[in-house]
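Examining the three-dimensional arrangement
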Amino acid sequence: MAISRKAIGLAKALFTPAALLAIFYAAWSSREHLIASFSSANLFYLLPSICVWILLHAVAPAFSQAGLATFGYAASFRDAFYIHNLRLPAKYLPGGIWHTVAKGADYKTRGASAFQVTGYLVMENIMLVAGASFLGSIMLLAGQAAPALEIVFWTAIAAVIALLACTPLVLRLYLKESAQKFHMWPYMLSALLVVIHWSMAATSFTLYLQAYPDINDALSFAQMAGAYLVSWAAGYVAIFAPQGIGVAEAVSASLLKDAGSITGLIVLIATFRVVVFIGDIIAWAAAYTAFYLKNKGTT
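Residues numbered from 1 in each chain as written. Predicted model: local features only at pLDDT ≥ 70, side-chain atom pairs only at ≥ 80, totals over all residues. Heavy atoms only, no water.

**Considerations on the overall build of the protein chain**
A count of helical and extended segments in the protein chain gives 12 helices and 0 strands. Relative to its 299 residues, the protein chain shows a buried fraction of 44%. As presented, the protein chain carries roughly 15,100 Å² of accessible surface, and 72% of it is formed by carbon and sulfur atoms. (Helix = DSSP H or I, 4+ residues; strand = E, 2+ residues; numbered from the N terminus. Buried < 20%, exposed > 50% of the residue type's maximum accessible area, 1.4 Å probe, protein only. Areas by Shrake-Rupley, 256 points an atom, 1.4 Å probe, with all protein chains shown as cover.)

**Some words on the environment of Phe272**
Summarising the element assignment, Phe272 is placed in helix H12 (residues 262–297). Considering only alpha carbons, one finds Phe272 and Thr206, 66 residues apart in sequence, at a separation of 10.0 Å. Those residues in contact with Phe272 that lie beyond four places of it in its chain are Ser49, Trp53, Ser204, Phe205, Tyr208 and Tyr228. (Contact = heavy atoms within 4.5 Å.)

**Focus: the environment of Ala250**
Relative to the helices and strands, Ala250 resides in helix H11 (residues 247–255). The spacing of Ala250 and Ile269 is 19 residues in sequence and 9.0 Å in space, taken between C-alpha atoms.

**Some thoughts on the nonpolar core**
Trp198, Ile215, Tyr228 and Phe272 are the most contacted members of the largest nonpolar core, which totals 56 residues. Breaking this core down by element, the ones donating at least two residues are helix H3 (46–70), helix H6 (114–143), helix H7 (150–174), helix H8 (184–209), helix H10 (221–237), H11 and H12. For this core, the element with the highest residue contribution is H8, accounting for 11 residues. The residues touching Tyr228, leaving out its near neighbours within four places in the chain, are Trp53, Trp198, Ala201, Ala202, Phe205, Ser252 and Phe272. Membership of the second largest hydrophobic core comes to 10 residues, among which are Leu68, Tyr73, Ala112 and Leu121. (Core = buried A, V, L, I, M, F, W, Y, C linked by side-chain atoms within 4.5 Å.)

**Details of the packing of H3 against H6**
Between H3 and H6, the least distance of the axes is 8 Å, while the angle of their chain directions is 125°. By the angle class used here, H3 and H6 are oblique. As H3 packs across H6, the resulting crossing turns out to be right-handed. Contacts between H3 and H6 involve Phe63, Ser64, Gly67, Leu68 and Thr70 from the first element and Gln116, Tyr120, Met123, Glu124 and Met127 from the second. Residues belonging to the contact of H3 with H6 are distributed by class as follows: 5 nonpolar, 4 polar and 1 charged. (Axes fitted to C-alpha atoms, helices over the stretch in contact; angles between N-to-C directions. Parallel < 35°, antiparallel > 145°, perpendicular 65-115°, else oblique. Left-handed = near helix turned anticlockwise from the far one by under 90°. Nonpolar A, V, L, I, M, F, W, Y, C, P; charged D, E, K, R; others polar.)

**Side note on the pattern of salt bridges**
On inspection of all chains with the given rule, the structure shows 5 salt bridges. Here Arg273 makes a salt bridge to Glu249, at a shortest N to O gap of 2.5 Å. In this pair, Arg273 is assigned in helix H12 and Glu249 in helix H11, connecting sequence segments 24 residues apart. (Salt bridge = Lys/Arg side-chain N within 4 Å of Asp/Glu carboxyl O.)

**Here we look at the side chain of Glu124**
Mapped onto the elements of the fold, Glu124 is located in helix H6. By relative accessible area, Glu124 is classed as buried at 6%. Here Glu124 is in contact with Phe63, Ser64, Thr100 and Lys103, once residues within four sequence places are set aside.

**Observations regarding the packing of aromatic side chains**
Two measures describe an aromatic ring pair: the distance that separates the ring centres and the angle between the ring planes. Taken as a whole and assessed by the stated rule, the structure comprises 16 aromatic pairs. With centroids separated by 4.8 Å and ring planes inclined at 25°, the aromatic side chains of Phe205 and Tyr228 adopt a geometry described as stacked. Of this pair, Phe205 sits in helix H8 while Tyr228 sits in helix H10, and the two are 23 residues apart along the sequence. According to the relative accessible area criterion, Phe205 is buried, its value standing at 0%. Ring geometry for Tyr208 versus Phe272: centroids 5.5 Å apart, planes at 50°, classification tilted. A residue pair is termed long-range when its members are at least 10 positions apart, and Tyr208 in helix H8 and Phe272 in helix H12 qualify at 64 residues. For the pair formed by Tyr208 and Phe272, the shared burial category is buried. Here the aromatic cluster, defined as three or more aromatic residues joined through ring pairs, consists of Trp53, Phe205, Tyr208, Tyr212, Tyr228 and Phe272. (Phe/Tyr/Trp six-rings, centres within 6.5 Å; stacked < 30°, edge-to-face > 60°.)

**Quick notes on a nonpolar patch on the surface**
Judged by side-chain polarity, Tyr92, Val274, Phe277, Ile278, Ile281 and Ile282 come together as a nonpolar surface patch covering roughly 470 Å² of accessible area. Among the structural elements, Ile278 can be located in helix H12. (Patch = residues over 30% accessible without salt bridge, like charges linked within 9 Å, V, L, I, M, F, W, Y side chains within 5 Å.)

**Considering the confidence of the model for the protein chain**
One rule of thumb: low pLDDT means the predicted coordinates there are not for detailed reading. Put simply, the protein chain has an average pLDDT of 83, and 82% of its residues get 70 or more. Of all helices and strands in the protein chain, the one with the weakest mean pLDDT is helix H1 (residues 2–29) (62), whereas helix H4 (residues 77–86) scores best (94). (pLDDT = per-residue confidence, 0-100.)

**Here we look at the packing of H3 against H4**
For the pair H3 and H4, the least separation of the axes is 8 Å and the interaxial angle reads 120°. Between H3 and H4, the angle is such that the two are oblique. Regarding H3 and H4, the two cross each other, and that crossing is right-handed. Each of His57, Ala58, Ala60, Pro61, Ala62, Ser64 and Gln65 in H3 lies in contact with H4, whose residues at this interface are Phe77, Ala80, Phe81, His84 and Asn85. Across the contact of H3 with H4, the residue classes tally to 7 nonpolar, 5 polar and no charged.

Structure (structure tokens):
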């Protein structure tokens, strides 16, 4: 296990600069096309894209609340909101896992057991990947974005349905002899909230791409949204790529190749991370301000 962790750590350390160099090379080799794309961009779409991403941070705490309730811990929405949003800067620390780690530590300090926190965090990660794969595959099938991969998308949809159906059964068998309980309704609510979460994230990405007329004319909403979701899932399971950098962009550009050169698309898609960063910072700043004012009023 120690050797595996070191290998993964080394792979992450080497892959991140390699991915950034590849993106910079793609930007340089496609500079003329990118300059034309950026100069013709309709900035009207960028503000709604950022706003939708900010609103996503109001849905994520509800998912945390439902996820914890699945394992018997009752968190208030207020606590879940502040924990999720005040810890957002941890997303950008090296490793890409510190937002999750910080949330788990915060819930433990509020009385959640190690079992409840671990169960919730494992379920959160599985549901996020499953939800992105499921919704993204449906979108790509609807948009007929990659006919050669239809069997892969149908397999992903079937696998996610089987996973969501079997998980309650497995957990109930696992917890049968213990004092812990599995709660079905919060689990179902978590699945619904994941769909809402990814619908908003995909909408934000699609609004961003619609700012570029060439892409907007060549692709449908379903193609853009589906490519984002499937590529996010691919980047997430690529444990050697922190936050899926490089992997997500390459997969998404491959799925959207009808809209232009893959190198140019990789750069445009990578630039969406700026929108995500701005949305995260605004959500964090708003939560921090509200938290500060609330505490200031009680002192």
